[in-house]
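Spelled out, the chains give:
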Amino acid sequence: MATQPRSARPWYRALQTIHLWIGLILCLPLAVLGITGAILVFEHELEDLFSAPTARTMAVGEPQSVAAILDAAKANAPQGLAPGMVFLPDAAGEPASVRLMAPGRSGPGGGGATMLVDPVSLAVLKTSKPGGGGLMRQIFMLHANLLIPDRNGRDVVGWLGVAMLVLGVSGLVLWWPRPDRWKEAFRVKRGARGVRLHRELHGAVGIWTLAIFVVVSFTGVYITFPQTLNSVVAMASPTRDLRAAVKVEPVRGAEPAGPDQAVALALAAVPDGRVRTVGLPARPDQAYRITLARPDARPGAPAVTAFVDPWTARVVEVRDPRSYSAGETFVAWQRPLHAGQGLGWLWKVLVFLSGVLPPLFAVTGTAMWYLKRRNRRAKDAERAAARATV
């Protein structure tokens, strides 16, 4: 008894149908996510290339304190906004970036702005419009929530990430070649045309890039639904919510520690660290959140986070990647992996190229469907014509 070809089996045909229609229906939003994600991989490089502040506009000398930078930002902040976090420059000749937000808010939402400050002269170099403006901001919002307001947009993007994972896994099953066709399955045959060209391009590019495609898709889903996936990770390994703030007890009548004192305490707790960001307490019951990078850490890799109680002037918690559990390490790496950070330039380029994949798959997949459909209709017309002449 002859073995039924895999392509004729009901489960295979059902999987083909699922893969096809998910790809056809969602090809445009998935292509948008891919293209915007590829651009955002080089967001900082593009901003440096096109933004106004350059080394020629920066003062030369010793950088001033964090408190001085924050005071300069506060004095020049738009009405209703105040400094919430400062990002210190990586090297001399670069500006400090101060995130401005409405008082009481600790997140990036809610109509904030960004101010670039010369850390030497304390001159304000640039202030974005409240609520965020500029081309890169719009690209980010398109990637993060498809310009759909509130949480609904993020949820839509998260489920599109799930669709990408379904396409990746189903594509692997559909691509899986017969034992005698393995070599051909990894390449595009020279001279291929029409349906065959698009099918081989779709399959070969897909299998060579499957790992990076799945990693970037999964990390995007995690970023959208962190609580849900954290609970799953916690089943296998103890995992804290690394994004959570540390609560402190306000002391009535006491003067809270300033940002410079908080930075000094954090550096005392992590002597080999270099301060990267200083997050100010948004409420009296919150601690300073200070991130520090060690000398051997690659840019974008998970950093050490020190929480400083402003009322007792002491470090109350240090979250150090060196002491993370396996689950916490997994969680901490999700955002850097998605953004192309933490693993050097090769990973950055691979993540950039992964953004080109959804448009490529959309074109080749749609072309296969259209050409097959056209060829099928042509054959049906030929058969009908042949029957009519009988």
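Everything below is about the structure printed above this text.
Given the structure is predicted, the values throughout are model-derived calculations rather than measurements.

The rules behind each value
Residues numbered from 1 in each chain as written. Predicted model: local features only at pLDDT ≥ 70, side-chain atom pairs only at ≥ 80, totals over all residues. Heavy atoms only, no water. Phe/Tyr/Trp six-rings, centres within 6.5 Å; stacked < 30°, edge-to-face > 60°. Helix = DSSP H or I, 4+ residues; strand = E, 2+ residues; numbered from the N terminus. Buried < 20%, exposed > 50% of the residue type's maximum accessible area, 1.4 Å probe, protein only. Lys NZ or Arg CZ within 6 Å of the ring centre and 35° of its normal. Patch = residues over 30% accessible without salt bridge, like charges linked within 9 Å, V, L, I, M, F, W, Y side chains within 5 Å. Areas by Shrake-Rupley, 256 points an atom, 1.4 Å probe, with all protein chains shown as cover. Salt bridge = Lys/Arg side-chain N within 4 Å of Asp/Glu carboxyl O. Lys, Arg positive; Asp, Glu negative; His and termini not counted. Charge placed at Lys NZ, Arg CZ, Asp CG, Glu CD.

Visitor: Looking at this structure, how should I read the packing of aromatic side chains?
Guide: Remark: the centre distance and the inter-plane angle together describe each pair of aromatic rings, the angle taken between the planes. Taken as a whole, this structure holds 13 aromatic pairs when the rule is applied. For the pair Trp159 and Phe225, a centre-to-centre distance of 5.8 Å together with 55° between the ring planes defines the contact as tilted. With Trp159 in helix α5 (residues 150-175) and Phe225 in the loop between α8 (210-224) and α9 (226-234), this residue pair connects regions lying 66 residues apart in the sequence. Classification of Trp159 by relative accessible area gives exposed; the value is 57%. By the ring-pair criterion, three or more aromatic residues cluster together here, those being Trp175, Trp176, Trp182, Phe186 and Trp208. Against the face of Phe42 rests Lys348, its NZ or CZ located 5.4 Å from the ring centre. Here Lys348 stacks its cationic end above the ring of Trp345, 5.8 Å away from the centre of that ring.

Visitor: How should I be thinking about a nonpolar patch on the surface in this particular structure?
Guide: A surface patch of nonpolar side chains, amounting to about 570 Å² of accessible area, comprises Trp345, Leu346, Val349, Leu350, Leu353 and Val356. Relative to the assigned elements, Val349 resides in helix α13 (residues 344-354). With relative accessibility at 34%, the residue Val349 sits in the partly exposed group.

Visitor: Which parts of the structure should I look at to understand a positive patch on the surface?
Guide: Where like charges cluster on the molecular surface, the positive patch consists of Arg181, Lys183, Arg187, Lys189, Arg199, Lys372, Arg376 and Arg377. Element by element, the count of residues in the positive patch is highest for helix α14 (residues 357-389), at 3 residues. Mapped onto the fold, Arg377 is located in helix α14. Arg377 sits in the exposed class, given a relative accessible area of 51%.

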